Amino acid sequence: QVHLVESGGGLVKPGGSLRLSCAASGVAFSIDPMGWYRQAPGKQRELVASITSGGSTNYADSVKARFTIPRDNAKSTVYLQMNNLKPEDTAVYYCNARVQPIGRSAVDAWGQGTLVTVSS
């Protein structure tokens, strides 16, 4: 099985920056795409950003121009670079990957979640 290990969450002031990391470990035919979701208190979980192995990206409107999602295919690692953070970015962030095991149907893998708090 593929496991996702997240790191990088914490407390940051408005206007500050954080970088989240998510490393996928295990053997699979493909791990594609990878991305980040978040869930704030009282809100639905939403897609923040995703990236394919070919470099195609997708961002939520609320984070465009502020967040980027680099990916290192060789290390099976995806990052979420968060700049100009706002209080409304406060949420639990979850790494996600679509995993195609060898000879098996594709499944979604999820990280355990990391809390990002944006507050003065």
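Note: the structure precedes this text.
The shown structure was predicted, so the numbers you read here are calculated from the model rather than taken from an experiment. Throughout this description, residue numbers start from 1 for each chain and increase along the sequence as written. Owing to the predicted nature of the model, reporting of local features is limited to residues with pLDDT of at least 70; listing and counting of side-chain atom pairs is limited to 80 or more, with chain, interface and lining totals taken over all residues. The side-chain figures draw on all heavy atoms in the structure; neither hydrogens nor water molecules are used.

**Q** Lay out the pairing of strand β10 (residues 91-100) with the relevant residues and their values.
**A** Counting buried positions over the ten residues of β10 gives seven, a clear majority of the element. With eight bridges joining them, strand β4 (residues 30-39) and β10 adopt antiparallel strand pairing. Looking at β10, one finds that Ile31 is bridged to Val99. Here a strand pair is declared whenever DSSP counts at least two bridges between the two strands. Each helix is a run of H or I in the DSSP string that is no shorter than four residues. Each strand is a run of E no shorter than two, and both are numbered from the N terminus. Pairing of β10 with strand β12 (residues 114-118), which is carried by three bridges, proceeds in the antiparallel orientation. For every residue, the accessible area (1.4 Å probe, protein chains only) is compared with the maximum for its type, and the residue is labelled buried under 20%, exposed over 50%, or partly exposed between those bounds.

**Q** So what about the nonpolar core? Which residues, and what values?
**A** Joining through side-chain atoms within 4.5 Å is the link that ties buried Ala, Val, Leu, Ile, Met, Phe, Trp, Tyr and Cys residues into a set, and such a set is a nonpolar core. Grouped together as the largest cluster of nonpolar side chains are 30 residues, with contacts concentrated most on Leu4, Met34, Trp36, Leu80, Met82 and Tyr93. Sorting the residues of this core by element identifies β3 (18-25), β4, β5 (46-51), β9 (77-82), β10 and β12 as the ones contributing at least two each. Among the elements that line this core, the one with the most residues is β10, at five residues.

**Q** An account of the pairing of β4 is requested, with residue identities and associated values reported.
**A** If a strand is regular, its side chains alternate between the two faces of the sheet. As paired strands, β4 and β5 are joined by five bridges and run antiparallel to one another. In the strand pairing of β5, Tyr37 is matched with Leu47. Hairpin remark: β4 followed by β5, antiparallel, with six residues in the connecting loop; positive phi at Gly42, about 75 degrees.

**Q** Go over the environment of Tyr79, please, and point to the residues and values.
**A** Considering the arrangement of structural elements, one finds Tyr79 in strand β9. Measuring from C-alpha to C-alpha, the distance between Tyr79 and Thr52 comes to 13 Å, with 27 residues separating the pair along the chain. Throughout, a residue-residue contact means that at least one pair of heavy atoms, one from each residue, lies within 4.5 Å. Not counting chain neighbours up to four residues away, the residues in contact with Tyr79 comprise Arg19, Leu20, Ser21, Trp36, Thr68, Ile69, Pro70 and Asp72.

**Q** An account of the side chain of Arg66 is needed here, citing residue identities and associated values.
**A** On the secondary structure map, Arg66 appears in the loop between β6 (57-59) and β7 (67-68). Once you skip the residues sitting within four places of it in the chain, Arg66 turns out to touch Gln81, Met82, Asn83, Asn84, Leu85, Lys86 and Asp89.

**Q** Quick one: what's the story with a nonpolar patch on the surface, residue by residue and with numbers?
**A** Note on patches: the residues involved have over 30% relative accessible area and no salt bridge, like charges join within 9 Å, and the nonpolar side chains Val, Leu, Ile, Met, Phe, Trp and Tyr join within 5 Å. Every accessible area reported is derived by Shrake-Rupley at a probe size of 1.4 Å, with residue values counting cover from the shown protein chains alone. A pairing counts as a salt bridge when a side-chain nitrogen of Lys or Arg comes within 4 Å of a carboxyl oxygen of Asp or Glu. On the surface, a nonpolar cluster with roughly 400 Å² of combined accessible area is contributed by Val27, Phe29 and Ile102. Position of Ile102 relative to the elements: it lies in the loop between β10 and β11 (107-110). Taking relative accessible area as the criterion, Ile102 reaches 62% and is therefore assigned exposed.

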